[in-house]
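So the chains spell out like this:
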Amino acid sequence: MDLKKLAGQAGQFLTRAVQYTEEKIGSAEKTELDRHFESLSLQADAARQWTEKLVIGAEAVLIPNPGNRVEDMIFEKIEKRRPNRLSNLEYLGLDMVQAGNDFGSGTPYGSALLKVGGAEQRLGLLEREFVSNAIQGYLQPMRKFLDTEMKTITRERRLLETKRLDLDACKSRLRKARSMDGQSSHKDAVDPKVLVAQAEAELRKAQADFDRQTEITKLLLEGVRSSQAAHLRHLNELVEAQAQYYEQCHKVMTDVQKEMASFTVVPEKAAGGPASTTVPAQAVGVSAPTTIQDPGSQEGGKGPWRRAKVVCDYDATCREEMSLMMNEVVLYTELQGQTTDFVTAKRGNQTGRVPRAYIEPLDD
């Protein structure tokens, strides 16, 4: 260990600490940077802060589970790759396929589960591909910008601050040396003029180091704005990956929706009947979903169906009644044999008796 070099470094550190403290308490002057440099510094700080927020937000969208994000980070550090795990959609699809096989592919429900389970697995695979493309096209380049360019700028700005403290410390020593020169006497052991000359030489060297470091830092700061063109390209890659992902997901869901059209859901009767069931449409001689009309809606009606708005929530008290939600619009009619306090209401395929006071007619 070079003790002389170590002592010199300790002396520099102490000098900088004293200069920094005196600046804070206002007893020493501070060299100010030009406005253009300060503007570049503010722009670099804003670019770093917003890029960090965008990276964190994109990571939360692509990998919502914080535990998985930590695991991915560890794997990337150690094995230089992300772990290959199934998505939640793929797990759901596997469960549906297993359930469909258990119920039997010959049953309507089992056959439907197999179809939907396969679609969910395809969606999960598309999701994993999208996440991989988004990470490679957007996240990794943005992280690289933070880990390389911004870290370099931070390091050079810290070095510039060190050179600035050295420069101001040299200015303070020169002022003190000149002050001593004016008060010197012939009995002084060291000629003050020698101290002044030495302080001036140190100041010239410190000024040159500061100017050189200022130019280096300024060049790096000016490069931050030019990096926005690359960031725009990465953002476009993210949009392209999202557009392709949603387009493929839409196609998968459209296909499974067409496949599910081969099944017809028979609604539960309003006045009590068998539970809802799903049967193949071919069994009833149609090729698309059909609505089985409630027979009760055509019995003894006094007039056509009219529209009404529900003014208050209502919970059905028996199977002949229908529950209502406030502000929803339903159809209603009066049937023979009903009391004046109740009407028959209809919502889609569901029909039941409701209190007249809970609805407000919309049709004249």
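No experiment lies behind these values; they were computed from the predicted model shown.

Colleague: I keep staring at the overall build of the chain and nothing clicks. Help me out?
Modeller: Scanning the chain from terminus to terminus reveals 6 helices and 7 strands. Of the regular secondary structure in the chain, the N- to C-terminal order runs α-α-α-α-α-α-β-β-β-β-β-β-β. When the 364 residues of the chain are sorted by exposure, 29% land in the buried category. The long-range share in the chain, meaning contacts at least 24 apart out of those at least 6 apart in sequence, stands at 64%.

Colleague: Looking at this structure, how should I read the packing of aromatic side chains?
Modeller: Given two aromatic rings, their pairing is described by the distance between the two centres and the angle made by the two planes. With the rule as written, the count across this model stands at 4 aromatic pairs. Between the aromatic rings of phenylalanine 130 and tyrosine 245, the centroid separation amounts to 4.8 Å while the plane-to-plane angle is 10 degrees, which identifies the pairing as stacked. A residue pair is termed long-range when its members are at least 10 positions apart, and phenylalanine 130 in helix α5 (residues 108-182) and tyrosine 245 in helix α6 (residues 192-260) qualify at 115 residues. Each member of the pair, phenylalanine 130 as well as tyrosine 245, carries the same accessibility label: buried. When the ring of tyrosine 314 is compared with that of tyrosine 358, the centres are 4.9 Å apart and the planes differ by 55 degrees; the resulting orientation is tilted.

Colleague: Would you mind showing me how to read the pairing of strand β3 (residues 306-310) here?
Modeller: For a regular strand, the rule is simple: side chains alternate between the two faces of the sheet. Bridge count for β3 against strand β4 (residues 329-333) is 4 bridges, and the pairing is antiparallel. Residue pairing for β4: lysine 309 is matched across the bridge by valine 329. With 3 bridges joining them, β3 and strand β7 (residues 359-361) adopt antiparallel strand pairing. Note on β7: the bridge partner recorded for lysine 309 is glutamate 360.

Colleague: What is the right way to look at the side chain of glutamate 59 in this model?
Modeller: One can find glutamate 59 in helix α2 (residues 35-62). Not counting chain neighbours up to four residues away, the residues in contact with glutamate 59 comprise Pro64, Arg69, Leu139 and Arg143.

Colleague: Honestly, the environment of glutamate 29 in this entry has me stumped. Any pointers?
Modeller: Structurally, glutamate 29 is set in the loop between α1 (3-25) and α2. Looking at glutamate 29, the relative accessible area reads 55%, which means it is exposed.

Colleague: Could you clarify how one ought to interpret the packing of α2 against α6 in this entry?
Modeller: When two helices pack together, their arrangement is given by the angle between the helix axes and the distance between those axes. The contact between α2 and α6 brings their axes to 10 Å, and the two run at 45 degrees. The angle between the axes of α2 and α6 places the two elements in the oblique class. Every pair of crossing elements has a handedness; the one defined by α2 and α6 is left-handed. Contact with α2, carried on its side by His36, Phe37, Leu40, Ser41, Gln43, Ala44, Ala47 and Thr51, involves Thr214, Thr217, Lys218, Leu221, Glu222, Val224, Arg225 and His231 of α6 and no other residues of that element. A breakdown of the residues in the contact of α2 with α6 according to their chemical character gives 6 nonpolar, 7 polar and 3 charged.

Colleague: Teacher, can you tell me more about a nonpolar patch on the surface here?
Modeller: A cluster of nonpolar side chains, Val70, Met73, Ile74 and Ile78, forms an exposed patch at the surface whose accessible area comes to about 390 Å². With respect to the element layout, methionine 73 can be found in helix α3 (residues 66-78).

Colleague: I keep staring at the sheet that holds strand β5 (residues 342-347) and nothing clicks. Help me out?
Modeller: Strand-to-strand pairing in sheets goes through backbone hydrogen bonds, with the strands running parallel or antiparallel. Spatially, β6-β5-β4-β3-β7 is the arrangement adopted by the 5 strands of the open sheet, whose pairing is antiparallel. On the outer flanks of this sheet lie β6 (350-355) and β7, each paired with one strand and no other. On average, each strand axis in the sheet is tilted by 45 degrees relative to the strand beside it, whichever way the strands run.

Colleague: Is there a simple way to think about unusual backbone geometry in this case?
Modeller: Peptide bonds are, in most cases, trans, and in most cases residues other than glycine have a negative phi. The backbone of asparagine 327 shows a phi angle near 80 degrees, a positive value even though the residue is not glycine. Among the structural elements, asparagine 327 can be located in the loop between β3 and β4. Under the relative-accessibility criterion, asparagine 327 is labelled partly exposed at 49%.

Colleague: Help me out: how do you make sense of helix α4 (residues 88-103) in this one?
Modeller: Turn by turn, an α-helix covers 3.6 residues, leaving residues three or four places apart pointing in a common direction. Across its 16 residues, α4 extends 23 Å between first and last C-alpha, which sits within 8% of the 22 Å expected from 1.5 Å per residue. The first or second residue beyond α4 is glycine 104, which carries a positive phi of 105 degrees.

Colleague: Honestly, the confidence of the model for the chain in this entry has me stumped. Any pointers?
Modeller: Low pLDDT marks stretches whose predicted atomic positions should not be read closely. Put simply, the chain has an average pLDDT of 80, and 80% of its residues get 70 or more. Taking the mean pLDDT of every element in the chain, the minimum, 49, falls on strand β2 (residues 277-280) and the maximum, 93, on α2. Long-range and interchain partners of residues 269-277, a stretch whose pLDDT sits below 50, account for 17 contacts in this model, where long-range means more than four residues apart. Considering only residues more than four positions removed or in separate chains, one finds that residues 281-302, a stretch of pLDDT under 50, has 30 contacts.

Colleague: Teacher, can you tell me more about the nonpolar core here?
Modeller: Nonpolar side chains in soluble globular proteins generally cluster together in the buried interior. Formed by 40 residues in total, the largest nonpolar core has its most connected members in Leu62, Phe130, Ile135, Tyr138, Leu139, Met150 and Leu221. Those elements giving two or more residues to this core turn out to be α2, α5 and α6. Counting residues in each nonpolar core, the second largest holds 11 residues, with Ala308, Met322, Val354 and Ile359 among its members.

Colleague: So what exactly am I meant to see when it comes to the environment of valine 116 here?
Modeller: Topologically, valine 116 is positioned in helix α5. Look at valine 116 and you get partly exposed, because its relative accessible area is 21%. Look past the residues within four positions of valine 116 in its chain and what remains in contact with it is Met96, Val256 and Met260.

Colleague: What exactly am I supposed to notice about the pattern of salt bridges here?
Modeller: Opposite charge on two side chains makes pairing possible when the charged atoms of those side chains draw close. Under the counting rule described, the total for this entry stands at 14 salt bridges. Taking the shortest distance from any N to any O, the salt bridge between aspartate 45 and arginine 157 comes out at 2.8 Å. Pair noted here: aspartate 45 is in helix α2 and arginine 157 is in helix α5, with a separation of 112 residues, a long-range link. Under the relative-accessibility criterion, arginine 157 is labelled partly exposed at 27%. One salt bridge in this structure joins arginine 128 and glutamate 90, with 2.9 Å as the shortest N-O distance. Here arginine 128, found in helix α5, pairs with glutamate 90, found in helix α4; they are 38 residues apart in sequence, far enough to count as distant.

Conventions used here
- Residues numbered from 1 in each chain as written.
- Predicted model: local features only at pLDDT ≥ 70, side-chain atom pairs only at ≥ 80, totals over all residues.
- Heavy atoms only, no water.
- Helix = DSSP H or I, 4+ residues; strand = E, 2+ residues; numbered from the N terminus.
- Buried < 20%, exposed > 50% of the residue type's maximum accessible area, 1.4 Å probe, protein only.
- Contact = heavy atoms within 4.5 Å.
- Phe/Tyr/Trp six-rings, centres within 6.5 Å; stacked < 30°, edge-to-face > 60°.
- Pairing = 2+ DSSP bridges.
- Axes fitted to C-alpha atoms, helices over the stretch in contact; angles between N-to-C directions.
- Parallel < 35°, antiparallel > 145°, perpendicular 65-115°, else oblique.
- Left-handed = near helix turned anticlockwise from the far one by under 90°.
- Nonpolar A, V, L, I, M, F, W, Y, C, P; charged D, E, K, R; others polar.
- Patch = residues over 30% accessible without salt bridge, like charges linked within 9 Å, V, L, I, M, F, W, Y side chains within 5 Å.
- Areas by Shrake-Rupley, 256 points an atom, 1.4 Å probe, with all protein chains shown as cover.
- Salt bridge = Lys/Arg side-chain N within 4 Å of Asp/Glu carboxyl O.
- Expected span 1.5 Å × (residues − 1).
- pLDDT = per-residue confidence, 0-100.
- Core = buried A, V, L, I, M, F, W, Y, C linked by side-chain atoms within 4.5 Å.

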